[in-house]
Amino acid sequence: MYRLLCSLIALLFLAPAAYCCTCILPTLEEALAAYDVAFVGTVSEVRLVGKPNKFQAQRIITTFVISQTFKGDAQQTVVLHSWYGGTSCSGRKFLKGREYLVLVERQLAKGWLEPGEAGKAGLPKATDEILSSGACSRTALSSEEEAKGDIQQLEKMARVKQ
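Conventions adopted
Residues numbered from 1 in each chain as written. Predicted model: local features only at pLDDT ≥ 70, side-chain atom pairs only at ≥ 80, totals over all residues. Heavy atoms only, no water. Helix = DSSP H or I, 4+ residues; strand = E, 2+ residues; numbered from the N terminus. Buried < 20%, exposed > 50% of the residue type's maximum accessible area, 1.4 Å probe, protein only. Areas by Shrake-Rupley, 256 points an atom, 1.4 Å probe, with all protein chains shown as cover. Contact = heavy atoms within 4.5 Å. Salt bridge = Lys/Arg side-chain N within 4 Å of Asp/Glu carboxyl O. Core = buried A, V, L, I, M, F, W, Y, C linked by side-chain atoms within 4.5 Å. Phe/Tyr/Trp six-rings, centres within 6.5 Å; stacked < 30°, edge-to-face > 60°.

## Regarding the overall build of the chain
Logical step 1: Each helix and strand counted, the chain has three helices and six strands in total.
Logical step 2: Written out in order from the N terminus, the α and β elements of the chain read α-α-β-β-β-β-β-β-α.
Logical step 3: Going through the 162 residues of the chain one by one, you find that 35% of them count as buried.
Logical step 4: Total accessible area on the chain is roughly 10200 Å²; 57% of this is exposed by carbon and sulfur atoms.

Right, here's the structure in full:
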């Protein structure tokens, strides 16, 4: 019994810190109200920017070729600035060549940039507006069942508006 107690105490003090993100996905209607742009697109480029931060999150610029736009002014291509990994709850990893349903919001680039890098080598200026996606935005591979249902519902909503 003493050995078990000592082992449990040692585990508590020696275990690395654990971080997790938990979110409750909004309904599709809530997500459409909260986000500025909604589209289906295929990833054409994924570019890592800088080094992971102190929380081991990596900044990523992802370019999508758009096949359908449901909200906002998405052009033929959309560039998304996000984070992935570590303790970051603000993004996801996108895979080149895969198609996604994406819901994104507009924000100023200054929160995404590291000090001193604004406007350098293809990066936005701090005052530029960028598109960013959160982990809890209903963004998903278009082949996932929930995303398929969302796309069907979005297409139906678009037909009703016409």
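Next, the rest of the story.
## Details of the environment of Val79
Logical step 1: One can find Val79 in strand E3 (residues 77-84).
Logical step 2: The partly exposed category is assigned to Val79, whose relative accessible area is 38%.
Logical step 3: In this structure the C-alpha to C-alpha distance between Val79 and Phe64, which are 15 residues apart in sequence, comes to 6.4 Å.
Logical step 4: Contact partners of Val79, with chain neighbours within four places excluded, come to Ile61, Thr62, Thr63 and Leu131.

## Some thoughts on the pattern of salt bridges
Logical step 1: In the structure shown here, the tally under the stated rule is five salt bridges.
Logical step 2: Where Glu146 meets Arg138, a salt bridge forms, and the shortest distance between an N and an O atom there is 3.2 Å.
Logical step 3: Assessed through its relative accessible area of 11%, Arg138 is described here as buried.
Logical step 4: Its salt-bridge partner being Arg138, residue Asp150 comes within 2.9 Å of it at the nearest N-O pair. Taken together, the positions of Asp150 in helix H3 (residues 145-161) and Arg138 in the loop between strand E5 (129-132) and strand E6 (140-141) put the pair twelve residues apart, joining distant regions of the chain. Comparing Asp150 with Arg138, the two get one shared label, buried.
Logical step 5: Each of Asp73, Arg106 and Glu129 takes part in one network of salt bridges that share partners.

## A short note on the side chain of Asp150
Logical step 1: For Asp150, a relative accessible area of 5% puts it in the buried group.
Logical step 2: If near-sequence neighbours (up to four positions away) are discounted, Asp150 is found in contact with Leu28, Leu101 and Arg138.

## Notes on the nonpolar core
Logical step 1: Judged by nonpolar contacts, the single largest core of 14 residues is most densely connected at Phe39, Phe64, Tyr100 and Val104.
Logical step 2: Residue assignment for this core shows that the elements contributing at least two residues are strand E1 (37-49), strand E2 (58-71), E3 and strand E4 (99-108).
Logical step 3: Ranked by size, the runner-up nonpolar core spans 13 residues in total, among them Leu28, Leu32, Val40 and Leu154.

## Some details on the packing of aromatic side chains
Logical step 1: By the definition in use, this model includes four aromatic pairs.
Logical step 2: Ring geometry for Phe39 against Phe64: centres 5.4 Å apart, planes inclined by 70°, an arrangement best described as edge-to-face. Taken together, the positions of Phe39 in strand E1 and Phe64 in strand E2 put the pair 25 residues apart, joining distant regions of the chain.
Logical step 3: By relative accessible area, Phe39 is classed as buried at 0%.
Logical step 4: Relative to Phe94, the ring of Phe64 has its centre 5.2 Å away and its plane inclined at 85°; by these criteria the two rings are edge-to-face.

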